[in-house]
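# Structure assessment
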Amino acid sequence: MSMPRWEKICLTVLLVLVSAFWLLLTLRWLAICLFFAFLVSIAWRCLRSRLLVPIILWFAFFGCTWLPFDITFRTAPDGPKFVECCPGSPYHDYKAALELDRRGECKFCSDLVTGFEPRYWVVW
């Protein structure tokens, strides 16, 4: 017994909305890229017809939100490396923390916590 087309569309829209809410809660750059790839895979008929492609992209997106690291757009003079938050959050010396972040020695983090923040960041 197969589902009618309107049920498939409703389930897909529900999955996209729940995934978008989850993305807003976790907010990872790598997950944003995979989420848009997932959206493209369900929008294009040739990719949607191969059901495995959207499924793999969605699981990659969801798994990416649980990784202990994320990427940044900062550069470091000594090449790619993993860094943690700048020491002192909430920052007592705000300008020094911003300078460390600019040099790629640490990542300037917010003192607001949702519980899904990555512990490490990849600085290029």
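Read on for a plain summary of the structure. (Residues numbered from 1 in each chain as written. Predicted model: local features only at pLDDT ≥ 70, side-chain atom pairs only at ≥ 80, totals over all residues. Heavy atoms only, no water.)

### What to know about the pattern of salt bridges
- Under the criterion given, the structure shown has five salt bridges.
- In this structure, Glu 99 engages Arg 102 in a salt bridge whose closest nitrogen and oxygen atoms are separated by 2.5 Å. With Glu 99 and Arg 102 both in helix H5 (residues 94-103) and three residues apart, this pair spans about one turn of that helix.
- Under the relative-accessibility criterion, Glu 99 is labelled partly exposed at 29%.
- Between Glu 105 and Arg 103 there is a salt bridge whose closest N-O contact spans 2.9 Å.
- Assessed through its relative accessible area of 43%, Glu 105 is described here as partly exposed. (Salt bridge = Lys/Arg side-chain N within 4 Å of Asp/Glu carboxyl O. Helix = DSSP H or I, 4+ residues; strand = E, 2+ residues; numbered from the N terminus. Buried < 20%, exposed > 50% of the residue type's maximum accessible area, 1.4 Å probe, protein only.)

### Some remarks on the environment of Leu 67
- Position of Leu 67 relative to the elements: it lies in the loop between helix H4 (52-64) and strand E1 (69-71).
- Look at Leu 67 and you get partly exposed, because its relative accessible area is 28%.
- Sequence-wise, Leu 67 and Arg 119 are 52 residues apart; in three dimensions their C-alpha atoms are separated by 9.1 Å.
- With sequence-adjacent residues up to four places away left out, Leu 67 is seen in contact with Arg 28 and Leu 30. (Contact = heavy atoms within 4.5 Å.)

### Description of unusual backbone geometry
- Notably, Leu 27 is not glycine yet its phi reads approximately 45°, a positive angle.
- With respect to the helices, strands and loops of the structure, Leu 27 is situated in the loop between helix H1 (5-26) and helix H2 (29-43).

### Describing the sheet that holds strand E2 (residues 81-83)
- The strand order E1-E3-E2 describes an open sheet built from three strands, whose pairing is mixed. Unpaired on one side and paired on the other, E1 and E2 mark the two borders of the sheet. Direction aside, neighbouring strands of the sheet carry axes that sit 35° apart on average.
- Of the pairings in the sheet, the one linking E1 to strand E3 (residues 120-123) comprises three bridges and is parallel in character. The partner of Asp 70 across the bridge, within E3, is Trp 121. (Pairing = 2+ DSSP bridges. Axes fitted to C-alpha atoms, helices over the stretch in contact; angles between N-to-C directions.)

### Here's the deal with the state of the cysteines
- According to the stated counting rule, one finds two disulfides in the structure shown.
- A sulfur-sulfur distance of 2.0 Å marks the disulfide that ties Cys 85 to Cys 109. Handedness here is read from the sign of the S-S torsion; for Cys 85 and Cys 109, about -95°, the answer is left-handed. With Cys 85 in the loop between E2 and H5 and Cys 109 in the loop between H5 and E3, the pair connects residues that are 24 residues apart, well separated along the chain.
- A relative accessible area of 35% means that Cys 85 is categorised as partly exposed.
- Disulfide pairing places Cys 86 opposite Cys 106 at an S-S distance of 1.9 Å. For the disulfide bridge between Cys 86 and Cys 106, the dihedral angle about the S-S bond is near 75°, and by the sign convention the bridge is right-handed. Here the residue Cys 86 occupies a position in the loop between E2 and H5, and Cys 106 occupies one in the loop between H5 and E3, the gap between them amounting to 20 residues. Here the two residues Cys 86 and Cys 106 agree in accessibility, since each one is buried.
- Each disulfide in the protein links cysteines that, numbered along the sequence, combine into the pattern 1-4, 2-3. (Disulfide = S-S within 2.5 Å.)

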